[in-house]
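Here is how the chains run, residue by residue.
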Amino acid sequence: TRTGIADIPMEAGDPNWDEWLAFHRDLFVEHVTKYATACHELKPDVCICSNWMYTVRQPDPVVAAVDYLSGDYDWIWGADRAAVEGRVLDGRGITWDLMAWDFTKTREMRSDQPWTVKTAEHLKQELSEVVALGGAVMCYEKPERSGWLVGWRHDILAEVAEFCRERQEAAFKTKSIPQAAIVHLASHYYKHNAPLFNYGPAVEPIEGALHALLETHRSTDILTEEATPARGKDYKLLVLPEEGNLSAEVVDFLEDYAGAGGVVLMTGEHLSADYPELVGCTPRQVAEGEVTDADSSATYLEVGGKTIGVSGTWQPVQVGDDAQALRCKLINEEPAKDATDWVIATCRKVGEGAIVAVHGPLFLNYFQGHYPWLRQFIGELIDEMGIEWSVTLDAPPQIELLLREKDNKTVVNLINRGAGEMLMPRRVVVEKLPPVRDVTVRLRMDQAPQSVSLIPGDESFEWSYEGGEVVINLEQVHIHSVIVVE
């Protein structure tokens, strides 16, 4: 009755399928609201949470009467899940936590492979993601069927707890200092996810963009659709990874944001057809006579005199008067021989800022492969925009940077996302995490700080201030180093 849909759709592609899914999502929110309201009427100070509500899985405005937000890591590759989910939760303005599994297995969760406990080193690395984002974190530990608590397992948890508490005062309830942000649009997500709230393929470009930005040392947040117009103006770079279904409000905001000096990076083969005025170009039809190589169906990108192959559809474009070409497609692997004039990356200057468009599935490709030369391509494209970052880092890609603040102090988090052994689907536990040596942080500040301190406190570092920049040299980053600048 509410929807007016008489013929119930049964699968994607049926008439009113999207409306049918939205109806069920609304029912879920109403159910949680009714439950939480009843509990609050009975006991006003009780705290209600619905697992995974308002996370990546549900990027809608917060309307249900929940008091905090929560979810749990994947049992395997948990740091990746914490990195993306923690950033959405951190942007919600509500108390939040995530729960790590202290045990794991290879193969599927329900396979007959036995569970095994993660090492302390592994757990510290996983929990660092949430600690650095200012959230609360816990570990999922299970007793034996008899209720017996296994002593040696709790010894591991005690070591991990000490690690977290050492960082608690500096890291807990910090707030982000805006640098780069990825836009997570509900209007796009619900067109491509697996009903009702499962990821499906919808999140893969978002995770690819997050990994690429973190591995090029950009402190990165994730903004939901309603948060983008409200908070997006504070960021230096906004990234829309292969996203469509942009509302008129979002399009207008991106135009104004760029005009005020911000940089937008948009990706996807659909951009020139769907948003020609925003990106400053239209689709170009490649004539059959222009094809000069047998491998012309492939797409290669030039980077540093080399090439990297990418999959998917890459749309050559006709560049408009207010835009310029940045990159062209190659049809094979030799830059001097295989270059074309088929433009697949453009920049439209808008006021003091710019809208950069890459006309193919750039971030899905990075998610699928994490190839170093593709990361270099992305990093160079962003560097060309001349963004004045508040903090820069001299370190290998495995060091993750998070720029935060608390009590008028700047908090720089560095997480070592490496491993001492080759991880793979049949080897999922980090045994040893070798420290990364000689890491340098450069922090822009108008005046010299009163103090610079480092957690862990027993590790050596040096700092200096010159020309509006604090330079901090760390001897090593083992798992998670926290620099507090006051």
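Scoring rules and cut-offs
As a convention, each chain's residues are numbered from 1 in the sequence order in which they are written. Whole-chain, interface and lining totals are the exception, using all residues; otherwise, since this is a predicted model, local features are given only for residues with pLDDT of at least 70 and side-chain atom pairs are given and counted only at 80 or more. Only heavy atoms go into the side-chain values, all of them from the structure, while hydrogens and water stay out. Secondary structure elements are taken from DSSP: a helix is a run of H or I of four residues or more, a strand is a run of E of two residues or more, and numbering for both begins at the N terminus. Only protein chains enter the accessibility calculation, which uses a 1.4 Å probe; a residue whose area is less than 20% of its type maximum is buried, one above 50% is exposed, and one in between is partly exposed. By definition in these notes, contact holds between two residues if any of their heavy atoms fall within 4.5 Å. Residue exposure ignores everything except the shown protein chains as possible cover, and the areas themselves are Shrake-Rupley values with a 1.4 Å probe. Counting rule applied: Lys, Arg positive; Asp, Glu negative; His and chain ends not counted. All charge positions are set by atom: Lys at NZ, Arg at CZ, Asp at CG, Glu at CD. In this scheme, strands are said to pair when DSSP sees at least two bridges between them. Fitted lines through C-alpha atoms serve as axes, helices being fitted only where they are in contact, and the angles separating the N-to-C directions of these axes extend from 0 to 180 degrees. In a helix, the anticipated span is given by 1.5 Å times the number of residues less one. Roughly parallel refers to an angle under 35 degrees, roughly antiparallel to one over 145, roughly perpendicular to one between 65 and 115, and oblique to any angle outside these ranges. The nonpolar core is taken to be a set of buried Ala, Val, Leu, Ile, Met, Phe, Trp, Tyr and Cys residues, with the residues joined through side-chain atoms within 4.5 Å.

Colleague: A description of the overall build of the protein chain should follow, citing residues and the corresponding values.
Modeller: Assigned secondary structure in the protein chain consists of 13 helices and 25 strands. Looking at the protein chain residue by residue over its 486 residues, the buried ones come to 53%. Looking at the protein chain alone, contacts between residues at least 24 apart form 70% of all its contacts between residues at least 6 apart. In the structure as shown, the protein chain presents an accessible area of about 22400 Å², 49% of it carried by carbon and sulfur atoms. In the protein chain, 43 positive and 77 negative side-chain charges are present, and the distance between their average locations comes to 5 Å.

Colleague: How would you summarise the sheet that holds strand β21 (residues 436-444) if you had to cite specific residues and measurements?
Modeller: Sheet strands pair by backbone hydrogen bonding; their relative direction is either parallel or antiparallel. Strand order in the open sheet made by the four strands is β18-β21-β24-β23, with antiparallel pairing throughout. Where the open sheet ends on each side, the last strands, each with one partner, are β18 (391-394) and β23 (461-466). Taken pair by pair, the neighbouring strands of this sheet meet at an average axis angle of 15°, ignoring direction. Relative to strand β24 (residues 469-477), β23 runs antiparallel, the two sharing six bridges. Its bridge partner being in β24, Glu466 is matched across the sheet by Glu469.

Colleague: How would you summarise the sheet that holds strand β5 (residues 136-140) if you had to cite specific residues and measurements?
Modeller: Spatially, β1-β2-β5 is the arrangement adopted by the three strands of the open sheet, whose pairing is parallel. Single-partner strands in this sheet number two, and they are β1 (69-72) and β5. Each strand axis lies, on average, 20° off the axis of its neighbour in the sheet, ignoring direction. Relative to β5, strand β2 (residues 96-101) is paired through five bridges, and the arrangement is parallel. Within the sheet, the bridge partner assigned to Ala100 lies in β5 and is Cys139. Running at roughly 165° to β2, helix α2 (residues 78-90) makes contact with β1 and β2 of the sheet.

Colleague: Just give me the short version of unusual backbone geometry, but keep the residues and values in it.
Modeller: The omega torsion across Pro195 and Leu196 is -10°, close enough to zero to call that bond cis. Topologically, Leu196 is positioned in the loop between α5 (186-192) and α6 (204-215). The linkage connecting Ile455 with the following residue, Pro456, adopts the cis geometry, with an omega of 5°. Tracing the chain through its elements places Pro456 in the loop between β22 (452-455) and β23.

Colleague: Describe in detail helix α4 (residues 151-171), supporting the description with residues and values.
Modeller: Between its first and last C-alpha, α4 extends 29 Å over 21 residues, near the 30 Å set by a 1.5 Å rise per residue. Within α4, burial applies to Arg153, Ile156, Leu157, Val160, Phe163, Cys164, Arg167, Ala170 and Ala171. Just beyond α4, the residue with positive phi is Lys173, at close to 60°.

Colleague: Any chance you could break down the packing of α6 against helix α12 (residues 362-369) for me, citing the residues and the numbers?
Modeller: At a closest axis distance of 7 Å, the pairing of α6 and α12 adopts a crossing angle of 75°. With respect to α12, the axis of α6 lies roughly perpendicular. In this structure, α6 contributes Glu204, Pro205, Glu207, Gly208, Ala209, His211, Ala212 and Glu215 to the contact, and α12 contributes Phe363, Leu364, Tyr366 and Phe367.

Colleague: Pulling in residues and values, what's your account of the pairing of strand β20 (residues 409-416)?
Modeller: Summarising burial for β20: seven of the eight residues are buried, a large majority. Inspection of the sheet shows strand β19 (residues 399-406) paired to β20 by eight bridges, in the antiparallel sense. Paired with Leu402 across the two strands is Asn413, which belongs to β20. Sheet analysis places β20 next to strand β25 (residues 480-485), joined by six bridges and oriented antiparallel. By the bridge assignment for β25, Ile415 is matched with His480.

Colleague: So what's going on with the nonpolar core? Which residues, and what values?
Modeller: Leu237, Leu265, Leu301, Leu362 and Ile378 are the most contacted members of the largest nonpolar core, which has 47 residues in total. Of all the elements, α6 adds the most residues to this core, at six residues. Here Leu362 is in contact with Glu242, Thr267, Leu301, Trp314, Leu374, Phe377 and Ile378, once residues within four sequence places are set aside. Formed by 39 residues, the second largest nonpolar core is a distinct cluster that contains Val130, Ala171, Val428 and Leu433.

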